[in-house]
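Summary of structural features
Below, each chain spelled out in residue letters.
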Amino acid sequence: MKTEPDVFSIYDLAKAEKSTTCWDGVRNYQARNYMRDLMKFGDRVLVYHSNAEPSCVVGTATISNTSYPDHTAWDLKDPHFDPKSDPNSPRWFMVDITLEAIFQVPLALSELRLIPELFKMELLRKGSRLSVQSVRAEEFKKICSLGKPKRLNS
DNA sequence: GCCAACGTTGGC
DNA sequence: GCCAACGTTGGC
């Protein structure tokens, strides 16, 4: 899952109550479908900082609440307000994620591109813009082995 | 700041 | 349903 660190970084997540946040503001149908239809409680996710210097995979989190309507779509003052989302038939959904580990070695895109096991990874595809993507188990494992995750409570 | 790669909108 | 115009994402 991508986030712009200027807006909400993994360090903000670490500081949040119970290291948990709702993943609001996603306004892309495919990304929404991943969250609404595919994500299950306990699923693990990679946290990625986009538009950063450099852009990096910075840690892991878990799904701590499965999908529910994204109420920020109905909030006039929210930057992601969507007049076409009807509270009686919500258009946008979100999940909650809880921080699992921060990488002691953040993994920049340029570095990930050099890893043969990751050549097919969606994140590394040219023009890959989707903010919620699926990651293959082997890719997840490889990235964790490179990132040296530092668990919160251990 | 540039621009490729999308996704969305709306006229027809 | 097609597609041009426009808007957004995000690496570089």
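Above this text is the structure in question.
Described in the following lines is the structure provided in the data block. Note that the coordinates shown come from a computational prediction; the quantities given were computed from them, not determined experimentally.

Before going further, it helps to examine the overall build of chain A. Scanning chain A for helices and strands turns up four helices and six strands. Relative to a compact globule of 154 residues, whose C-alpha radius of gyration would be 15 Å, chain A shows 16 Å and is just as compact. Overall, chain A is about 45 × 35 × 30 Å in size when its C-alpha atoms are taken along their principal axes. Residue pairs in contact within chain A that sit at least 24 positions apart in sequence constitute 70% of those at least 6 positions apart. With 22 positive and 20 negative side-chain charges, chain A shows a spacing of 5 Å between the two charge centroids.

On to the nonpolar core, then. Met-1, Trp-23, Met-35, Met-39, Val-95, Ile-97 and Val-132 are the most contacted members of the largest nonpolar core, which totals 21 residues. Mapped onto this core, the elements with two or more residues apiece are helix H1 (10-15), helix H2 (29-38), strand S3 (44-49), strand S4 (56-69) and strand S5 (93-108). Those residues in contact with Val-95, other than ones at most four positions away along the chain, are Met-1, Thr-21, Cys-22, Trp-23, Met-35, Met-39, Ile-63, Asn-65, Thr-66, Ser-67 and Tyr-68. One finds Tyr-48, Val-57, Leu-118 and Cys-144 within the second-largest nonpolar core, a separate group that totals 15 residues.

Okay, the packing of aromatic side chains next. Per the counting criterion, the structure on display carries one aromatic pair. Geometrically, the ring pair formed by Tyr-29 and Trp-92 is tilted, given 4.7 Å between the ring centres and 35° between the ring planes. Here Tyr-29, found in helix H2, pairs with Trp-92, found in the loop between S4 and S5; they are 63 residues apart in sequence, far enough to count as distant. What makes Trp-92 buried here is its relative accessible area of 4%.

The next thing to look at is the protein's contact with DNA strand B. All residues in the neighbourhood of DNA strand B are listed as Asn-28, Tyr-29, Gln-30, Lys-84, Arg-125, Lys-126, Gly-127 and Arg-129. The sugar-phosphate backbone supplies 73% of the atoms of DNA strand B found within 4 Å of the protein. In this structure, a phosphate oxygen belonging to DNA strand B sits 2.5 Å away from a side-chain N or O atom of Lys-84. Within the side chain of Lys-126, a nitrogen or oxygen atom sits 3.1 Å from a phosphate oxygen of DNA strand B. Class assignment of the residues belonging to the surface near DNA strand B gives a composition of one nonpolar, three polar and four charged.

Before going further, it helps to examine the pairing of S5. Of all 16 residues making up S5, 13 are buried, and the element is well covered by its neighbours. In this sheet, S5 lies alongside strand S2 (residues 20-22) in antiparallel orientation, the contact comprising three bridges. Its bridge partner being in S5, Thr-20 is matched across the sheet by Thr-98. Across 10 bridges, S4 lies against S5 in antiparallel orientation. Bridge assignment links Gly-59 to a residue of S5, and that residue is Ile-102. Judged from the three bridges that link them, S5 and strand S6 (residues 149-151) form a sheet pairing that is antiparallel. Across the sheet, the residue bridging to Phe-103 is Pro-149, located in S6.

The next thing to look at is the pairing of S3. With five of six residues buried, S3 lies mostly within the body of the structure. Where strand S1 (residues 2-3) and S3 come together, two bridges link them in parallel fashion. Note that in S3 the partner of Lys-2 across the bridge is Tyr-48. Note: S3 against S4, six bridges, orientation antiparallel.

A few words on the pattern of salt bridges. Tallying each qualifying case throughout the model produces seven salt bridges. For Arg-36, the salt bridge goes to Asp-37, with nearest N and O atoms at 2.9 Å. By relative accessible area, Arg-36 is classed as partly exposed at 32%. When the shortest N-O distance is used, the salt bridge between Glu-122 and Arg-125 registers 2.7 Å. Among the residues examined, Glu-122 registers a relative accessible area of 26% and is labelled partly exposed. Residue Arg-125 is classed as partly exposed on the basis of its relative accessible area, which comes to 46%.

What counts and what doesn't
Residues numbered from 1 in each chain as written. Chains lettered and ligands numbered in written order. Predicted model: local features only at pLDDT ≥ 70, side-chain atom pairs only at ≥ 80, totals over all residues. Heavy atoms only, no water. Helix = DSSP H or I, 4+ residues; strand = E, 2+ residues; numbered from the N terminus. Rg over C-alpha atoms; globule rule 2.2 N^0.38 Å. Contact = heavy atoms within 4.5 Å. Lys, Arg positive; Asp, Glu negative; His and termini not counted. Charge placed at Lys NZ, Arg CZ, Asp CG, Glu CD. Core = buried A, V, L, I, M, F, W, Y, C linked by side-chain atoms within 4.5 Å. Buried < 20%, exposed > 50% of the residue type's maximum accessible area, 1.4 Å probe, protein only. Phe/Tyr/Trp six-rings, centres within 6.5 Å; stacked < 30°, edge-to-face > 60°. Near = heavy atom within 4 Å. Polar contact = N/O pair within 3.5 Å; in protein donor to acceptor, adjacent residues only side chain to side chain. Nonpolar A, V, L, I, M, F, W, Y, C, P; charged D, E, K, R; others polar. Pairing = 2+ DSSP bridges. Salt bridge = Lys/Arg side-chain N within 4 Å of Asp/Glu carboxyl O.

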